[in-house]
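One letter stands for each residue in the lines below.
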Amino acid sequence: MKQIRKSTRIVVKSKAAAVAQDSHTYQRLLDIAARADVYEGIRQGLEEARQAKGRDIEEFFAEFEAAHGISG
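All figures in this text were calculated on a predicted structure; none of them were measured in a lab.

1. Regarding the overall build of the chain
Then comes step 1: Within the chain one finds three helices and two strands.
Then comes step 2: Secondary structure elements in the chain, listed N-terminal to C-terminal, are α-β-β-α-α.
Then comes step 3: By residue count, 0% of the 72 residues in the chain fall in the buried class.
Then comes step 4: As presented, the chain carries roughly 6800 Å² of accessible surface, and 57% of it is formed by carbon and sulfur atoms.

2. Thoughts on the packing of aromatic side chains
Then comes step 1: Under the criterion given, the structure shown has two aromatic pairs.
Then comes step 2: Ring centres 5.2 Å apart and planes at 70 degrees place the aromatic pair Phe-60 and Phe-61 in the edge-to-face group.
Then comes step 3: We classify Phe-60 as partly exposed; its relative accessible area is 32%.
Then comes step 4: Three or more aromatic residues link up through ring pairs in this structure, and these residues are Phe-60, Phe-61 and Phe-64.

About the thresholds
- Residues numbered from 1 in each chain as written.
- Predicted model: local features only at pLDDT ≥ 70, side-chain atom pairs only at ≥ 80, totals over all residues.
- Heavy atoms only, no water.
- Helix = DSSP H or I, 4+ residues; strand = E, 2+ residues; numbered from the N terminus.
- Buried < 20%, exposed > 50% of the residue type's maximum accessible area, 1.4 Å probe, protein only.
- Areas by Shrake-Rupley, 256 points an atom, 1.4 Å probe, with all protein chains shown as cover.
- Phe/Tyr/Trp six-rings, centres within 6.5 Å; stacked < 30°, edge-to-face > 60°.

Remember, this is a structural readout, not a statement about activity or role.
Laid out in structure tokens, this is it:
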């Protein structure tokens, strides 16, 4: 605890073992990570579309409805 008061990092064997940060900074980091995940999903979707890996929407809905017992 004394080391935490002096610094925001606890170093063990020359590597950061823990990082202390305030809740606002931590939430900001979580928000940035969530946005990065969304952007990566969009990037992958666009790449799959470019490679014509998609499928017809009617085919998708027919399979979805059948899998979930929904009458179309």
